[in-house]
Amino acid sequence: MQEAVETLKKVFGSAVRESDSIHGNESVVVQTDKIVEIVRALRDTPGLEFNMMMDLCGVDYPDRNERFEVVYHLYSLKNKKRIRLKVRVTELDPVVPSITSLYKAANWFEREAYDLLGIRFEGHPNLKRILLYTEFEGHPLRKDYPINKRPKTLPTPDSLMK
Amino acid sequence: MYIEEWEKPGVPKPNDAKPFPGEHMYVNMGPSHPAMHGTLRVLLKLDGETILESVPEIGYLHRCFEKEAEVKTYTQVIPYTDRLNYLSPLMNNVGYCMAVEKLFGCEIPERAQWIRMLVCEVSRICDHMVCIGTNLVDLGALTNFWYLFNPRELLTNWIEALCGARLTTTYTRVGGVSRDLPQNTESVLKECLKESRKGISDVIGLLKKNRIFLDRTQRVGVISKEDAISYGFTGPCLRASGVDYDVRKAHPYYFYNQLDWDVPYSTVGDSYDRLFVRFEEMLQSARMIEQILEKISSGPIMVDDPQIAMPPKSRVYGSIEGLIQQFKIVMHGIRPPKGEIYSYTEAANGELGFYIVSDGSDKPYRIKVRPPCFAIYQAFPEMLKGHMIADAIAILGGLNIVAGELDR
């Protein structure tokens, strides 16, 4: 949604690092520490109202300085428009502010990104592994995780009781 | 205790009676239990039979779809998508191929688009029949299961005639579909629809005034409109909560805007609504199938693009160009240009999204599936709060959580 991108650029200025539009998907790269404010603005500004978080995932680019990218897909039920937000973090400090306070949906999606890529979400109420078991070592969706690696440890049966 | 005694002051009513005050019991539901539909595990904290809290644990069916897809070519990923929502594999095939085609920027032939719509609507009916049928078995109504599974069997037979498999279909290809419709499709599907409609009306007849069914489903597992939106609900569960969002209407793909149909939705957001939204959707899908059978055009079913499609066998054996083209596609795969796409279709459970990052090679750099179940199952603990254990089963069945796409 072009309007949303313009608004973001106007309100947040340099916090919007890049924007492009391929295949009709509006995409914006924003500063990591501003993500909560930006998502809140997208959700609450009248006329934009991106009230649904459709998807959240991490992508690993080992060759880049900022190795990980977290990709948000927001949707506005009222305007029937979508927008894609991205933030980038380094391998040494892969911390992104959590948006669980804005969308209830973010909880499990952020846990999945943490589980599979090792990106930590600051302020998340329950940042635990979700698809894999607690004792699992490593983060399998990282590009340097071998595809045929067998895990050494086995899950304990009652990780929920802890 | 006699009923009159309950009315006396000071005597606790049965609902307030607590067998062991202060003591809570923890009960494991699943992961291997016939009523848990797949391998889902929920830990319940109980006070008597009332659920105080619950923690779902997922991942029992995790099989690294996303990691596996990164080392497979674009075409090799298609069979993996069958296993996402295994109740309606054709819709996953369509959703994935559509995403890759958007990356290429290619438009598939008209007939292929009509066929894709047709198989989507057929599998939507199949999916809803499984969901409703098994949910009713959980509630103790076995007859309905047979009334719905018999017509589903006919539809599955047609799917078998279409692509040789009943569940692991792998029917679509990037750029079209793998084979044309079976010859007697129109008559077979019309017969199937007749049986389906009969089954649906029989089941509705059995349920609509059934006291037990109404007591078990009405006002059970209510989720408000605001919560449903915040949780990212899509599909029948969102529509049951009062939002008429359907990808096929909001962002029509293929020829959905040429069909005459309605988006059914309800207002309460309980188990009852979710079931009846599904009933109505099946009838709408049946309507759509009839229109598609009328409007479907003849023509090629694969795009004519040497970058994407395999040449016809006559050209492979008859000309050197055809042979080279076949060799290039088999050995080097198809290579979409660099870029990324988020493509979405309306699957049986809601919006099925594929986020694909392409680095210009023959393998996807990253595929992220947005399974509709994942968002819906998150709200499960909230729906359970304050209900009985038996209600947990009734609620779960109505959500139609499919572990295959939940865990990927």
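Residues numbered from 1 in each chain as written. Chains lettered and ligands numbered in written order. Predicted model: local features only at pLDDT ≥ 70, side-chain atom pairs only at ≥ 80, totals over all residues.

> Where do I start with the sheet that holds strand S8 (residues 366-370) of chain B in this structure?
Hydrogen bonds between backbone atoms are what pair the strands of a sheet, whose relative direction is either parallel or antiparallel. Residue and element names in this part refer to chain B. On the basis of which strands lie adjacent, the open sheet formed by three strands has the order S6-S7-S8 and antiparallel pairing. On the outer flanks of this sheet lie strand S6 (339-347) and S8, each paired with one strand and no other. Ignoring strand direction, the axes of neighbouring strands in this sheet form an average angle of 15°. With respect to the sheet, helix H4 (residues 89-104) is in contact with S6 and strand S7 (350-358), its orientation differing from that of S6 by roughly 150°. (Pairing = 2+ DSSP bridges. Helix = DSSP H or I, 4+ residues; strand = E, 2+ residues; numbered from the N terminus. Axes fitted to C-alpha atoms, helices over the stretch in contact; angles between N-to-C directions. Contact = placed C-beta atoms within 7 Å.)

> Explanation requested: the environment of B:Ile132 in the structure shown.
All names here are of chain B. Relative to the helices and strands, Ile132 is located in helix H5 (residues 110-138). With 26 C-beta atoms packed within 10 Å, Ile132 lands in the buried category. Measuring from C-alpha to C-alpha, the distance between Ile132 and Phe279 comes to 8.2 Å, with 147 residues separating the pair along the chain. Here Ile132 is in contact with Leu148, Leu275, Arg278 and Phe279, once residues within four sequence places are set aside. (Buried ≥ 20, exposed ≤ 12 C-beta atoms within 10 Å, placed from the backbone.)

> Hey, could you run me through H5(B) in this one?
Side chains of residues three or four places apart in an α-helix project in the same direction, reflecting 3.6 residues per turn. Residue and element names in this part refer to chain B. The terminal C-alpha atoms of H5, which comprises 29 residues, lie 42 Å apart, in line with the 42 Å expected from a rise of 1.5 Å per residue. Taking burial as the measure, the 29 residues of H5 include 26 buried ones, the bulk of the element. Phi turns positive one or two residues past the end of H5, at Gly140, with a value near 95°. (Expected span 1.5 Å × (residues − 1).)

> What's the story with the packing of H5(B) against helix H17 (residues 389-399) of chain B in this structure? I'm lost.
A packed helix pair is summarised by two numbers, namely the angle formed by the two axes and the spacing between the axes. All names here are of chain B. Direction vectors running N to C along H5 and H17 enclose 175°, while the axes themselves pass 8 Å from each other. As far as their axial angle goes, H17 and H5 are roughly antiparallel. Here Thr134, Asn135 and Asp138 of H5 lie close against H17, whose contacting residues are Ile393, Ala394, Gly397 and Gly398. (Parallel < 35°, antiparallel > 145°, perpendicular 65-115°, else oblique.)

> Any chance you could explain the nonpolar core here in plain terms?
In summary, soluble globular proteins display a tendency toward joint burial of nonpolar side chains. Ranked by size, the top nonpolar core spans 155 residues in total, and within it A:Leu74 and B:Ile401 carry the most contacts. A per-element tally of this core places H5(B) first, with 15 residues. For A:Leu74, the residues in contact, after removing those within four places along its chain, are A:Leu42, A:Phe50, A:Met52, A:Met53, A:Met54, A:Arg82, A:Ile83 and A:Leu85. (Core = buried A, V, L, I, M, F, W, Y, C linked by C-beta atoms within 7 Å.)

> Hey, could you run me through the sheet that holds strand S2 (residues 25-30) of chain A in this one?
Residues and elements named next belong to chain A. Here we have five strands laid out as an open sheet, ordered S1-S2-S5-S4-S3, and mixed in their pairing. Edge positions in the open sheet fall to strand S1 (16-22) and strand S3 (52-60), since each of these has one partner strand only. Sheet twist, expressed as the mean angle between neighbouring strand axes with direction ignored, is 20°. Judged from the three bridges that link them, S2 and strand S5 (residues 81-89) form a sheet pairing that is parallel. Its bridge partner being in S5, Val28 is matched across the sheet by Leu85.

Honestly, it's all geometry; don't read function into it.
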